[in-house]
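An overview of the molecular structure
Read off the chains here:
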Amino acid sequence: SGSLRGCAPAGLLADAPFDADLALRTLALGWFQPARTAPVAIVAIDAATWQGWGMPAVTPRGELVRLLAATTAAEPRAVVLDYDLSFGGARAEDDPDEARLREYLASYAGPAPIILPKRIEVAESGRLRAAGSPFDAAVAANPRVAWAH
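Here is what the cut-offs are and how they apply
Residues numbered from 1 in each chain as written. Predicted model: local features only at pLDDT ≥ 70, side-chain atom pairs only at ≥ 80, totals over all residues. Heavy atoms only, no water. Helix = DSSP H or I, 4+ residues; strand = E, 2+ residues; numbered from the N terminus. Buried < 20%, exposed > 50% of the residue type's maximum accessible area, 1.4 Å probe, protein only. Areas by Shrake-Rupley, 256 points an atom, 1.4 Å probe, with all protein chains shown as cover. pLDDT = per-residue confidence, 0-100. Contact = heavy atoms within 4.5 Å. Phe/Tyr/Trp six-rings, centres within 6.5 Å; stacked < 30°, edge-to-face > 60°. Lys NZ or Arg CZ within 6 Å of the ring centre and 35° of its normal. Pairing = 2+ DSSP bridges. Axes fitted to C-alpha atoms, helices over the stretch in contact; angles between N-to-C directions. Parallel < 35°, antiparallel > 145°, perpendicular 65-115°, else oblique. Nonpolar A, V, L, I, M, F, W, Y, C, P; charged D, E, K, R; others polar. Salt bridge = Lys/Arg side-chain N within 4 Å of Asp/Glu carboxyl O.

**Focus on the overall build of the protein chain**
Across its full length, the protein chain carries five helices and six strands. Taken from N to C terminus, the helices and strands of the protein chain fall in the order α-β-α-α-β-α-β-β-β-α-β. Scored against the burial criterion, the 149 residues of the protein chain give a buried share of 26%. As displayed, the protein chain has an accessible area near 10,000 Å², and 59% of this comes from carbon and sulfur atoms.

**What about the confidence of the model for the protein chain?**
Residues with a pLDDT of 70 or more make up 70% of the protein chain, whose mean pLDDT is 81. Here residues 1-5 scores under 50 on pLDDT; set against residues more than four positions off or in separate chains, the count is six contacts.

**Topic: the packing of aromatic side chains**
Tallied over the full model, the rule gives one aromatic pair. For the ring pair tyrosine 104 and tyrosine 108, a centre distance of 5.9 Å and an interplane angle of 40 degrees mean the geometry is tilted. A residue is classified by how much of its surface remains accessible, and tyrosine 108, at 8% relative accessible area, is buried. One cation-aromatic arrangement involves arginine 102 over phenylalanine 135; the distance from NZ or CZ to the ring centre is 5.4 Å. Between the NZ or CZ atom of lysine 118 and the centre of the ring of tryptophan 147, over which it lies, the distance is 4.4 Å.

**Some points on unusual backbone geometry**
Look at methionine 55: it is not a glycine, yet its phi comes out positive at around 55 degrees. Along the polypeptide, methionine 55 turns up in the loop between helix H2 (47-52) and helix H3 (61-73). The backbone phi angle of glutamate 75 is positive, close to 60 degrees, even though this residue is not glycine. As for its placement among the helices and strands, glutamate 75 is situated in the loop between H3 and strand S2 (78-81). Exposure remark for glutamate 75: the relative accessible area of 63% places this residue in the exposed category.

**Observations concerning the sheet that holds S2**
The sheet built from four strands is open, its strands ordered S1-S2-S3-S6 with parallel pairing. For this open sheet the edge positions go to strand S1 (40-43) and strand S6 (145-148), each flanked by a neighbour on one side alone. On average, each strand axis in the sheet is tilted by 25 degrees relative to the strand beside it, whichever way the strands run. Sheet topology places S1 next to S2; four bridges connect them, and they run parallel.

**With respect to the packing of H3 against helix H4 (residues 96-107)**
Relative orientation of the contacting elements H3 and H4 amounts to 30 degrees, with a least axis distance of 7 Å. Taken together, H3 and H4 sit at an angle that is classed as roughly parallel. On H4, the residues touching Arg61, Gly62, Leu64, Val65, Leu68, Ala69 and Thr72 of H3 are Asp97, Glu98, Arg100, Leu101, Tyr104 and Leu105. Counted by class, the contact of H3 with H4 contains seven nonpolar, two polar and four charged residues.

**Structural notes on the pattern of salt bridges**
According to the stated counting rule, one finds eight salt bridges in the structure shown. Across the pair glutamate 63 and arginine 66 runs a salt bridge, and its minimum N-O distance is 2.9 Å. One end of the pair, glutamate 63, and the other, arginine 66, are both in helix H3, three residues apart, so they sit about a helical turn from each other. Note on glutamate 63: relative accessible area 24%, which makes it partly exposed. Residue arginine 66 is classed as partly exposed on the basis of its relative accessible area of 46%. Between arginine 119 and aspartate 84 there is a salt bridge; the shortest N-O distance is 2.9 Å. Of this pair, arginine 119 sits in the loop between strand S3 (114-117) and strand S4 (120-122) while aspartate 84 sits in the loop between S2 and H4; the two residues are 35 residues apart in sequence, bridging distant segments of the chain. Overlapping salt bridges, with partners in common, bring together Asp84, Arg119, Glu121 and Arg129 in one network.

And the structure:
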């Protein structure tokens, strides 16, 4: 909306020192009573963690297993892994950590469901579809793990 002539000032918000996460949490505090909220863990990888891993092109799958295991051990009501697993796609025999994450997702039996984001892309037909992932079979095999978009 910042590019529209009547809303040109809205374009300034993109470069403003505005913390959208803090604003959302502050706004949510006014709308929801603490008794009605559910503890949901969002697992995100920050720049410092990524640099600590040596800035890999593909997030180390073994580290994702470690993060998911530690997060689910804290017993949240749900876990959202804020990372798109559609990228990468090494074959299990080529990367033991890829196989380890696939096995973790397929066999996960904890009480908190694990929700994985899946991006939507345009198919050759022009229709929207969920992107393919090397973890599709593992997610399909486990009702405690689900894709979301």
